Amino acid sequence: MKSLLTWMVFSLIACGQCSRLHLIEHFLQQRSINTLLLLHCVQETVDQDVVRISKALRQSFRGSIYHIDVTKNHFHQQLGWHMYCERYKTAVIYNLECSGTEAVLDRLSEKAYFNASFQWLMFGGQNMELATSLLSQQNINYDTKMLLVFESVDPEKQREQRYEFYDVSGTVKRRGGKVIFTPLGFSTPENVLPTIVPQKPDLKGIVLWTVVSFYSTFIVGYQLISPPKTINTLEKLADSSLKMGVENLSYQHDFFARTTNPIALKLYNEKIAPNKYGFVNLTFGIQLVKGGGYAFHCDTTYGYTHVLEMLTEQQICELQEIELYPQRAIHVPMKDLCG
């Protein structure tokens, strides 16, 4: 149970008028969000305030805001593009009262987006049974950071609205995992907004599951050895005792299926294919590296951002980067405006 594995650190934030807007503003500030993906059904009554909220957020939120209408035909295309491009300090907000929510959640689960790469804020309205039932069927990973919010009326103050908060996490559904809802308390306009800062335990010795993540380019290995670092080529990596994991993307599978590089094929056949954790998501891969004895294949353009957050300075100093894919020149056609 997550409740046995997580230390809950509560902080109190003065809330003032705890409207949905103020709640979102506090959420974005607390999580240090840079990009907001606002999934909405603005044409439906349950989500018509999204326009007002978005306009107000542009005054208080300095990051980028993107709107995706879940009721439109281009929803899947827009969602895929944004989830692919926005990977760091990104929040996704969605109202579970929108019609078609089951299909939306199924899409998010199918693509394994419920992981630590995104911060999730879900509004469940007043229907707790429906919201928890829908989320319980989803592919929600162990490291997911999701806050579920319900609206209710304070029984002691009959007309006063308050919010009820739950932390949501779980394990991969297709492997028999369960989704866990941890209550965090209530807030009212006159009271305070309780928030949680979950501290994840060390993954060593804990059985976890793998999920799909994003694009990758390089291998990063934490070797637990003193300098000089001796494993600095693919050949040495293939001959070493290190295990190897790869960020789980169709691009990666395609590379190993098509490559004729004998060293790459040796890595795949001897270290990746037989490995239970041969293809994993980014955060889990870095945790494997942190535990020692592992090399992990990921794109350093965003991989090192997570490394800085998850590893100590000493561990970062012991990393070794090895190039798997050769660098290629990129040509950009441009019109000659000088002639």
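Within any chain, residue numbers begin from 1 and follow the written order of that chain's sequence. With the structure being a predicted model, the display of local features is reserved for residues of pLDDT at least 70 and the display and counting of side-chain atom pairs for 80 or more, all residues being used for whole-chain, interface and lining totals. Hydrogen atoms and water are omitted, and side-chain values are computed over all heavy atoms in the structure.

Visitor: Could you clarify how one ought to interpret the overall build of the chain in this entry?
Guide: Within the chain, the secondary structure is distributed over 12 helices and 14 strands. Think of it in three bands: with a 1.4 Å probe and only protein chains considered, a residue is buried below 20% of the maximum accessible area for its type, exposed above 50%, and partly exposed in between. When burial is assessed residue by residue, the chain has 52% of its 339 residues classed as buried. By the convention used here, residues are in contact when the closest approach between their heavy atoms is within 4.5 Å. Pairs at least 24 residues apart make up 74% of the contacts formed inside the chain by residues separated by at least 6 positions. The protein chains shown are the only cover counted for residues, whose accessible areas, like all others here, come from Shrake-Rupley with a 1.4 Å probe. For the chain, the exposed surface amounts to about 17500 Å²; the carbon and sulfur share of it is 53%. Numbering of helices and strands runs from the N terminus, with a helix taken as a DSSP run of H or I at least four residues long and a strand as a DSSP run of E at least two residues long.

Visitor: Honestly, the sheet that holds strand S5 (residues 118-123) in this entry has me stumped. Any pointers?
Guide: Within a beta sheet, neighbouring strands are joined by backbone hydrogen bonds and run either parallel or antiparallel to one another. Paired strands, as defined in this entry, are two strands with at least two bridges between them according to DSSP. One open sheet holds the seven strands; their spatial order is S3-S2-S4-S5-S6-S7-S8, and the pairing between them is mixed. Of all strands in the sheet, those with a lone pairing partner are strand S3 (64-69) and strand S8 (179-187), marking the two edges. Each strand axis lies, on average, 20 degrees off the axis of its neighbour in the sheet, ignoring direction. By the bridge criterion, five bridges tie S5 to strand S6 (residues 145-153) in an arrangement that is parallel. When the bridges of S6 are listed, Gln119 appears paired with Lys145. Under this scheme, a helix contributes an axis fitted over its contacting stretch, all axes are lines through C-alpha atoms, and angles between N-to-C directions fall in the 0 to 180 degree range. Contacting strand S2 (35-40) and S3, helix H3 (residues 50-60) crosses the sheet at an angle of about 165 degrees to S3.

Visitor: Please clarify how the packing of helix H2 (residues 20-30) against H3 should be interpreted in this entry.
Guide: Working note: a packed helix pair is described by the angle between its axes plus the distance between those axes. At a closest axis distance of 10 Å, the pairing of H2 and H3 adopts a crossing angle of 40 degrees. The orientation of H2 with respect to H3, classified from their angle, is oblique. Relative to H3, H2 is oriented so that their crossing is right-handed. Contact residues: H2 offers Arg20, Leu21, Ile24, Glu25 and Leu28, while H3 offers Arg52, Ile53, Ala56, Leu57 and Ser60. Oblique is the label for any angle not under 35 degrees, not over 145, and not in the 65 to 115 range, which are roughly parallel, roughly antiparallel and roughly perpendicular in turn. The hand of a helix crossing depends on one turn: near helix anticlockwise from the far one by less than a right angle means left-handed, and clockwise means right-handed.

Visitor: Please clarify how the confidence of the model for the chain should be interpreted in this entry.
Guide: Close inspection of predicted coordinates is inappropriate for parts of the model with low pLDDT. What pLDDT conveys is the predictor's confidence in a given residue, as a value from 0 to 100. Across the chain, pLDDT averages 75, with 72% of residues at or above 70. Within the chain, the element-level pLDDT minimum falls on strand S1 (residues 7-14), averaging 32, and the maximum on strand S4 (residues 90-95), averaging 94. Within the model, pLDDT remains below 50 along residues 1-18, and this stretch shows 41 contacts once partners closer than five positions in the same chain are excluded.

Visitor: Looking at this model, I keep getting lost on helix H9 (residues 262-272). Mind explaining?
Guide: A turn of α-helix holds 3.6 residues, and therefore any two residues three or four places apart point the same way. When H9 is considered as a whole, its buried residues turn out to be Ile263, Ala264, Leu267, Lys271 and Ile272. Buried positions in H9, seen along its axis, are confined to an arc of 100 degrees and lie on one side of it. Opposite the buried face of H9, at more than 90 degrees from it, the exposed residues are Pro262 and Glu270. Where H9 is buried, its residues touch helix H7 (234-239), strand S11 (243-247), helix H8 (250-258) and strand S12 (279-280). One side-chain oxygen of the residue at the start of H9 lies 2.9 Å from the amide nitrogen of Ile263, identifying that residue as Asn261. Working definition: the arc comes from the directions between the helix axis and the C-beta atoms, pointing outward to the latter. Within 3.5 Å is the distance limit for a polar contact, defined as a pair of N or O atoms, with the added protein rule that one can donate a hydrogen and the other accept it, and that residues adjacent in sequence qualify only through two side-chain atoms.

Visitor: What is the right way to look at the environment of Glu102 in this model?
Guide: Secondary-structure assignment places Glu102 in helix H5 (residues 101-110). For the pair Glu102 and Ala131, spaced 29 residues apart in sequence, the C-alpha separation works out to 9.8 Å.

Visitor: Looking at this structure, how should I read the packing of aromatic side chains?
Guide: Two numbers describe a pair of aromatic rings. These are the distance of the centres and the angle of the planes. For this analysis, a ring pair means two rings from Phe, Tyr or Trp (six-membered ring only for Trp) whose centres lie within 6.5 Å, classed as stacked if their planes differ by under 30 degrees, edge-to-face if by over 60, and tilted for the remaining angles. All told, the structure shown has seven aromatic pairs when counted by the stated rule. Ring geometry for Tyr113 and Phe118: centres 6.3 Å apart, planes at 85 degrees, overall edge-to-face. Under the relative-accessibility criterion, Tyr113 is labelled buried at 10%. Overall, Phe118 belongs to the buried group, its relative accessible area being 0%. On the numbers, 5.0 Å between centres and 85 degrees between planes, the contact of Tyr277 with Phe284 is edge-to-face. Taken together through their ring pairs, the aromatic side chains of Tyr113, Phe114, Phe118 and Trp120 make up a single cluster. We call a charge positioned above a ring when the Lys NZ or Arg CZ atom is no farther than 6 Å from the ring centre and deviates by at most 35 degrees from the ring normal. The residue whose ring lies beneath Arg20 is Phe123, and the NZ or CZ to ring-centre distance is 4.3 Å.

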